[in-house]
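Commentary on secondary and tertiary structure
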Amino acid sequence: MTGTAIVPATSPAGRLAAPGRRPGRKVRSYWRFYLALSPFYILFAVFGLYPMLSTIVLAFQRWDGLNPRRFDGLDNFRFLAQDPTFWLALKNTVVLFLMSTIPTLVLALVLAVMLQSAVRFTGVYRIAYFIPNVTSLVAMAIFFSSIFSTNFGLVNAALRSLGIAQQDWLGEPWGIKIAISTMIVWQWVGYNTLIYLAGLQAIPKEQYEAAKVDGAGAARTFFSITLPQLRPVVLFTVVISTIGGLQTFTEPQVMVGNSGGTGQSGMTVVLYFYRSAFLDNDYGYAAAIALSIFALVLLFTAINWRIFRGRSDR
């Protein structure tokens, strides 16, 4: 009978614990990759993480920017809950968000479908649609202020030519909202059009050919093929528009000033934050407003995600 040597099995723990091999040596072998990624993390820690943590701490303090900080607990948030200007700014922000976001996305989808069916000069159209998004926001705000001017604005000139009385667009509460939302639509409709166009080009043409063979019309094809296929893209544009729309600042600040115009109808939450911090020098209260903006963006983003993602999963 021939004897067979049995080699004892080596457990994973035994291999890790083998002499001359250390667990940290493998990690240290990738130090070049960590070094290459370190600038991003350093910049994020300095300009992202630290300001965010500092804002959270400052929201529980009282500070005017010069004197030592004083811990006030929840006083800033109590005053925030009872501040009528904050609630007015919150209402204006939501109204402007709805007045600008819905027309922007609807018009962008229509333009994307039209651009998809265009045969000539598609490159020219794409550049023209994207120009407003890369134009200076302050310059656009000044331009739209002149367009909606009471005496010399193009909008009132068009109304007078039609026999309609001119309006004081930047002097009436709803006129201010219409002017601001119109500028936001003009600025972002081209960007969202190109996003939708990219989504349309990713839809297989075979689906449209099959629908045509089945006798489906243009409306039936759009609602049965195009729109369901674009739901992830629509979700992306809705989330991005929500984040941007709830942080509206430059448009009202340039068009109607830091006071928000007549009746503070152009006062947004971010504009109120700016005024509290840099005009009233109440940085603790401004930090509380900033946290409320963050919570508001999270809330609306979660609602939009729930609505559109829930429908796309069906």
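Let me sum up the structure you'll find in this document. Here the residue index of a chain counts from 1 through its sequence in written order. Per-residue local features are limited, in this predicted model, to residues with pLDDT of at least 70; the limit for side-chain atom pairs, both in listing and counting, is 80 or more; totals at the level of whole chains, interfaces and linings are taken over all residues. In computing side-chain values, all of the structure's heavy atoms are included and hydrogens and water are not.

1. Topic: the overall build of the protein
Operational definition: Numbering of helices and strands runs from the N terminus; a helix is a DSSP stretch of H or I covering at least four residues, while a strand is a stretch of E covering at least two. Between two residues, a contact is recorded if the distance between any of their heavy atoms is within 4.5 Å. To be clear on the numbers: accessible area is Shrake-Rupley with a 1.4 Å probe, and residue cover counts the displayed protein chains and nothing else.
In terms of regular secondary structure, the protein is built from 15 helices and 2 strands. Within the protein, counting contacts between residues at least 6 apart in sequence, those at least 24 apart form 65% of the total. Surface accessibility of the protein: about 19,600 Å² in total, with carbon and sulfur atoms responsible for 67%.

2. Description of the layout of surface pockets
For clarity, the cut-off: Using only the protein atoms, space was sampled on a 1 Å grid; points where a 1.4 Å probe fits but cannot get out form cavities, open sets with protein on both sides within 12 Å along at least five of seven lines form pockets, and lining residues are those with an atom within 4 Å of a point. Grid points are joined across faces, edges and corners, and a volume is the space filled by probe spheres set on the points. Amino acids outside the nonpolar list (Ala, Val, Leu, Ile, Met, Phe, Trp, Tyr, Cys, Pro) and the charged list (Asp, Glu, Lys, Arg) are all regarded as polar, and Gly is one of them.
For the largest pocket, the calculated volume is near 470 Å³. Taken together, 16 residues form the lining of the largest pocket, with Gln 116, Ser 117, Tyr 208, Thr 221 and Thr 226 sitting closest to its centre. Looking at the lining of the largest pocket, the elements that each hand over two or more residues are helix H5 (84-117), helix H9 (173-201), helix H10 (205-213) and helix H11 (218-229). Partitioning the lining of the largest pocket into residue classes produces 7 nonpolar, 6 polar and 3 charged. Approximately 400 Å³ is the volume found for the second largest pocket. Listed by contribution, the elements that provide at least two residues to the lining of the second largest pocket are helix H3 (31-58), helix H14 (269-279) and helix H15 (283-312).

3. Here we look at the nonpolar core
Nonpolar side chains in soluble globular proteins generally cluster together in the buried interior. Using the following cut-off: Among buried residues, those of type Ala, Val, Leu, Ile, Met, Phe, Trp, Tyr and Cys that are joined through side-chain atoms within 4.5 Å constitute a nonpolar core. We call a residue buried when its accessible area falls under 20% of the maximum for its residue type, exposed when it is over 50%, and partly exposed in between, using a 1.4 Å probe and counting protein chains only.
Of all hydrophobic cores here, the largest spans 17 residues; its most connected members are Phe 86, Leu 246, Val 269, Tyr 272, Tyr 285, Ile 289 and Ile 293. When contributions to this core are tallied by element, the ones reaching two or more residues are H5, H14 and H15. When residues of this core are assigned to their parent elements, the largest contribution, 6 residues, is made by H15. For Phe 86, the contacting residues outside a window of four places in its chain are Leu 80, Val 269, Tyr 272, Tyr 285 and Ser 292.

4. Considering the side chain of Thr 237
How we decide: Nitrogen and oxygen atoms within 3.5 Å of one another constitute a polar contact, given that in protein one can donate a hydrogen and the other can accept it, and given that sequence-neighbouring residues count only through two side-chain atoms.
Within the secondary structure, Thr 237 is located in helix H12 (residues 231-245). Among the polar contacts made by the side chain of Thr 237, one reaches the side chain of Tyr 196 at a distance of 2.8 Å. Once residues lying within four places of it in the same chain are set aside, the contact partners of Thr 237 are Leu 105, Asn 192, Ile 195 and Tyr 196.

5. Thoughts on a nonpolar patch on the surface
Worth spelling out the cut-off: What makes a patch is a set of residues exposed beyond 30% relative accessible area and free of salt bridges, joined within 9 Å when like-charged and within 5 Å when nonpolar (Val, Leu, Ile, Met, Phe, Trp, Tyr). By definition, a salt bridge exists where a carboxyl oxygen of Asp or Glu is found within 4 Å of a side-chain nitrogen of Lys or Arg.
On the surface, a nonpolar cluster with roughly 800 Å² of combined accessible area is contributed by Leu 37, Phe 40, Tyr 41, Phe 44, Leu 49, Met 52, Leu 53 and Ile 56. Mapped onto the fold, Met 52 is located in helix H3.

6. Topic: the environment of Asn 304
Here Asn 304 lies in helix H15. A relative accessible area of 11% places Asn 304 in the buried class. A distance of 2.6 Å separates the side chain of Asn 304 from the side chain of Thr 242, its partner in a polar contact.

7. A short note on unusual backbone geometry
The phi dihedral of Gln 264 is positive, around 55°, even though this residue is not glycine. Within the secondary structure, Gln 264 is located in the loop between helix H13 (250-255) and H14. Under the relative-accessibility criterion, Gln 264 is labelled partly exposed at 22%. Of note in this structure, Asn 281 is not a glycine but carries a positive phi near 55°. Relative to the helices and strands, Asn 281 resides in the loop between H14 and H15.

8. Considerations on H11
Spacing of three or four residues puts side chains on the same side of an α-helix, whose turn is 3.6 residues. Which entries qualify depends on this criterion: Multiplying one less than the number of residues by 1.5 Å gives the expected span of a helix. It is the directions from the helix axis to the C-beta atoms whose arc is reported.
Helix length check: H11 (12 residues) gives 15 Å between terminal C-alpha atoms against 16 Å at 1.5 Å per residue, within 8%. Those residues of H11 that fall on the buried side of the exposure criterion are Thr 221, Ile 225 and Thr 226. The buried residues of H11 occupy an angular sector of 85° when projected down its axis, which confines them to one face. With respect to the buried face of H11, the exposed residues turned more than 90 degrees away are Ala 219, Arg 220 and Phe 223. Of the surrounding secondary structure, the elements contacted by the buried residues of H11 are H9 and H10.

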